[in-house]
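# Inside the fold
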Number of protein chains: 2
Amino acid sequence: MPQAVAQSIILGDWGTSRLRLFRFCDGVEAGRIDGPGIAKLDASPATVLMRAVDPWRRDGVIASITLCGMAGARGGLVEAGYLECPADALDWRQNATALMLDHVSVRVMAGLRCRNPMGAPDVMRGEEAQIFGAIALDASLARGRYSFVLPGTHCKWVSVVDGRVEAFRTYPTGELYALLSEHSTLIAPGKAEGNDGDAGFAHGLARSAEPTLGALFEARAAQLVDGRSPGWARGFLSGLLIGGEVAAEAHPGLQPILVGDPKLCSRYGIALKAAGCRSRSIDGDVAVLAGLGLAKG
Amino acid sequence: MPQAVAQSIILGDWGTSRLRLFRFCDGVEAGRIDGPGIAKLDASPATVLMRAVDPWRRDGVIASITLCGMAGARGGLVEAGYLECPADALDWRQNATALMLDHVSVRVMAGLRCRNPMGAPDVMRGEEAQIFGAIALDASLARGRYSFVLPGTHCKWVSVVDGRVEAFRTYPTGELYALLSEHSTLIAPGKAEGNDGDAGFAHGLARSAEPTLGALFEARAAQLVDGRSPGWARGFLSGLLIGGEVAAEAHPGLQPILVGDPKLCSRYGIALKAAGCRSRSIDGDVAVLAGLGLAKG
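Source: prediction; values computed, not measured.

## Description of the pattern of salt bridges
- A full pass over the atoms with the stated rule returns 34 salt bridges over all chains.
- Of the charged contacts, one joins Asp102(A) and Arg57(A) as a salt bridge, the two residues approaching to 3.3 Å between their closest N and O atoms. Within this pair, whereas Asp102(A) is found in the loop between strand S6 (96-101) and strand S7 (104-109), its partner Arg57(A) is found in helix H1 (residues 45-57), the two being separated by 45 residues in sequence.
- A salt bridge links Arg115(B) to Asp226(A), with the shortest nitrogen-to-oxygen separation between them at 2.5 Å. With Arg115(B) in strand S8 (residues 111-115) and Asp226(A) in helix H7 (residues 218-226), this pair bridges two chains.
- Judged by relative accessible area, which is 41%, Arg115(B) ranks as partly exposed.
- Judged by relative accessible area, which is 35%, Asp226(A) ranks as partly exposed.

Here it is as structure tokens:
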């Protein structure tokens, strides 16, 4: 029989497509559990959460659960609102919504919102934990002006000044890629996938100086006319969309800090380099844990 | 009992999402039938076609059926290839693939293909019938240089010189709109649609000077933060995508001829006007019939 552990705390990032829970005992990581995203639940968020942590509960007391991301959206575990920008880690830490679930104390963190210079609203949920975590991990980022880029379903381009999130802009590039790649006529059905996705990516990147909307259809035409594979076409779409996003944001002197999945960050790094911008990357899991560590009850 | 008609000819436009068949007796239109698009068949294309025209066959002899569009695609009724640009109505008329179905003579027209100045391939199937039809209807279009725009699932921007299609570019704007409008997180589920779609369209159009990828997310954020309706957000996406497409193609002096669904052409007309371009519209049904009239056996 496993030895009972006195107390643990749980930190979690509950996004649209994935739940990631991390358990800590005496400050040491003691396990991870992956679960379904908020958009994919078969029961209430509270039921799904307590079911997910049940193995850890049977192994000892859970002192607290701290969650960021879509857990705080309307239709999530509890609506946790948005904190107005500019906002720093301290503001964020103080903007949690607390509830009790089955005698366990749960904190759900607020998202951030801002308006861009055109007056358009924008929102984030979960990425702020990664940004504040990255700053906590590297004290040099707490002073001065930095651009953070957080690739994913809804990629965020974030301006941070002296540790405060000043403003940001969302590019739904990951979602657009998934829709075009899986549900559009741009990918021919029923053909062998091919292993030339990297060549397609490079070709898409080379096209990304053109307006993105007018370059998308090459994915389909290249399969029909030039015998390209569906895998090439998917790579092309990825290169074109990431390249188009980078082209819209890149400017001389931009040296962004990429935070996210290392493989996806590497694709953004290639696109940024092609646009003349140096970048560096921080693992998104490491950053979100550091951020949730700031937020925990 | 209906009186038997000696002979009829059938003209048809068989697209991805819709089959439209027109019957002519002694040069006079004598009925229309709508059926499923090539992507939506429950039987072979030949079976679906002959089933669709069966009421007309029982009413008299069918002398010929002439089809344009995806009927000539791989996986359609018969693969009818692509004609290389530049190409005029005569070239096109001579590029039909003939077959017999149930003792009826069927002609399936070729599509067109071209390469843009960057070397990217592009293709069309069906729109060429509308272009050649529009030129047949208005002899003044047979001399000089014209820009045709054919809005739809895959909108075509076409350069025509002395009646020849020189080159074209496809914007998959209609398909992108449908994916984002029906299958993305940009539209909040379960809320009342609202009747402010036109206001959303105007707002999206006003945003379309910005890079489209970076402006899309306002559809979602405006629902979350500013209480906009899903209908407004759909209108916003339509205005942003059509406006972005027009912004990519518009240039001083452009006076395009819109050919297509009158309602959709009207939206493109508004976007063109906002970009400083006068345009005029031709009904797509009228144009495709005139084009198929040139092609018939």
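So that's the structure; there's more coming.
## So, the pairing of strand S14 (residues 280-283) of chain A
Residue and element names in this part refer to chain A.
- Sheet analysis places strand S13 (residues 257-260) next to S14, joined by 4 bridges and oriented parallel. By the bridge assignment, Leu258 is partnered in S14 with Ser281.
- Each parallel crossover has a hand, and for S13 linked through helix H9 (residues 262-274) to S14 it is right-handed.

## Remarks on the nonpolar core
- Among the nonpolar cores identified, the biggest contains 68 residues, and Leu180(A), Leu216(A), Leu180(B) and Leu216(B) are the most heavily contacted of them.
- The residues touching Leu180(B), leaving out its near neighbours within four places in the chain, are Leu176(A), Leu179(A), Leu186(B), Ile187(B), Leu216(B), Leu237(B) and Leu241(B).

## So, unusual backbone geometry
- Here the residue pair Cys85(A) and Pro86(A) is connected by a cis peptide bond, since its omega of 0° sits within 30 degrees of zero.
- Mapping Pro86(A) onto the fold places it in the loop between strand S5 (82-84) and helix H2 (89-93).
- Of note in the backbone geometry, Asp162(A) takes a positive phi value of approximately 50° without being a glycine.
- Mapped onto the elements of the fold, Asp162(A) is located in the loop between strand S11 (155-161) and strand S12 (164-171).
- Here Asp162(A) falls in the partly exposed class, since its relative accessible area comes to 35%.
- Within the chain, His103(B) stands out as a residue other than glycine whose phi angle is a positive 70°.
- Here His103(B) is to be found in the loop between strand S6 (96-101) and strand S7 (104-109).
- Residue His103(B) is classed as exposed on the basis of its relative accessible area, which comes to 75%.

## Describing the interface of chain A and chain B
- With 45 residues of chain A at the contact, the number on the chain B side is 45 residues.
- Summed over both sides, the interface between chain A and chain B buries roughly 3,800 Å², with carbon and sulfur atoms accounting for 66% of that surface.
- On the chain A side of the interface with chain B, the three residues burying the most area are Pro121(A), Leu213(A) and Phe217(A), jointly 18% of the side's total.
- Our count for the contact surface shared by chain A and chain B stands at 4 salt bridges.
- The tally of links between chain A and chain B comes to 11 residue pairs in polar contact (both at pLDDT 80 or more).
- Secondary-structure elements contributing two or more residues to the side of chain A that touches chain B are strand S8 (111-115), strand S9 (121-124), S12, helix H4 (173-183), helix H6 (212-215), H7 and helix H8 (230-249) of chain A.

## As for the packing of helix H5 (residues 197-206) of chain A against H9(A)
Residues and elements named next belong to chain A.
- Closest axis-to-axis distance for the H5/H9 pair is 11 Å, and the angle between their directions is 35°. In terms of crossing hand, the pair formed by H5 and H9 is right-handed. For the pair formed by H5 and H9, the contact residues are Asp198, Phe201 and Leu205 on the first element and Arg267, Ile270, Ala271 and Ala274 on the second.
- Its residues assigned to classes, the contact of H5 with H9 comprises 5 nonpolar, no polar and 2 charged.

## Observations concerning the relation of the copies chain A and chain B
- Each copy superposes on the other: chain A lies on chain B with an RMSD of 0.1 Å after a rotation of 180° and an axial shift of 0.0 Å. Accordingly, the operation relating the two chain copies is best matched by a two-fold axis. Within chain A, Leu179(A) has its C-alpha nearest the rotation axis, a separation of 3.4 Å.
- A symmetric contact is evident, with 100% of the interface residues of chain A recurring at the interface of chain B.

## Observations concerning the side chain of Thr212(B)
- Its place among the elements puts Thr212(B) in helix H6 (residues 212-215).
- With residues up to four places along the chain from it excluded, the contact list for Thr212(B) reads Leu213(A), Leu240(B), Leu241(B) and Gly244(B).

## Some points on the sheet that holds S9(A)
- An order of S5-S8-S9 (chain A) is seen for the 3 strands of this open sheet, with the pairing classed as mixed. Every interior strand has two partners, whereas the edge strands, S5 and S9 of chain A, have only one. Neighbour to neighbour, the strand axes of the sheet diverge by 30° on average, direction disregarded.
- Bridging between S5(A) and S8(A) involves 3 bridges; their strand directions are parallel. What sits directly across from Glu84(A), in S8(A), is Arg113(A).
- Where helix H7 (residues 218-226) of chain B meets the sheet, its contacts fall on S5, S8 and S9 of chain A, and the angle it forms with S9(A) comes to roughly 90°.

## Considering the pairing of strand S10 (residues 145-150) of chain A
Residues and elements named next belong to chain A.
- One ladder, built from 6 bridges, connects S10 with S11; its direction is antiparallel. Across the sheet, residue Leu150 finds its bridge partner in S11, namely Lys156.
- Both S10 and S13 contribute to a ladder of 2 bridges, which runs parallel. In the strand pairing of S13, Phe148 is matched with Ile257.

## Digging into the sheet that holds S12(A)
Residue and element names in this part refer to chain A.
- Pairing is mixed in the open sheet, where 5 strands are placed in the order S12-S11-S10-S13-S14. Looking along the sheet, the strands with just one partner apiece sit at the ends: S12 and S14. Neighbour-to-neighbour, the strand axes of this sheet turn through a mean angle of 25°, independent of strand direction.

Calculation rules
Residues numbered from 1 in each chain as written. Chains lettered and ligands numbered in written order. Predicted model: local features only at pLDDT ≥ 70, side-chain atom pairs only at ≥ 80, totals over all residues. Heavy atoms only, no water. Salt bridge = Lys/Arg side-chain N within 4 Å of Asp/Glu carboxyl O. Helix = DSSP H or I, 4+ residues; strand = E, 2+ residues; numbered from the N terminus. Buried < 20%, exposed > 50% of the residue type's maximum accessible area, 1.4 Å probe, protein only. Pairing = 2+ DSSP bridges. Right-handed = clockwise from strand over helix to strand, strands pointing away. Core = buried A, V, L, I, M, F, W, Y, C linked by side-chain atoms within 4.5 Å. Contact = heavy atoms within 4.5 Å. Buried area = accessible area lost by both parts, 1.4 Å probe. Polar contact = N/O pair within 3.5 Å; in protein donor to acceptor, adjacent residues only side chain to side chain. Axes fitted to C-alpha atoms, helices over the stretch in contact; angles between N-to-C directions. Left-handed = near helix turned anticlockwise from the far one by under 90°. Nonpolar A, V, L, I, M, F, W, Y, C, P; charged D, E, K, R; others polar. Least-squares fit on C-alpha atoms with pLDDT ≥ 70 in both.

This is a description of form; function is not addressed.
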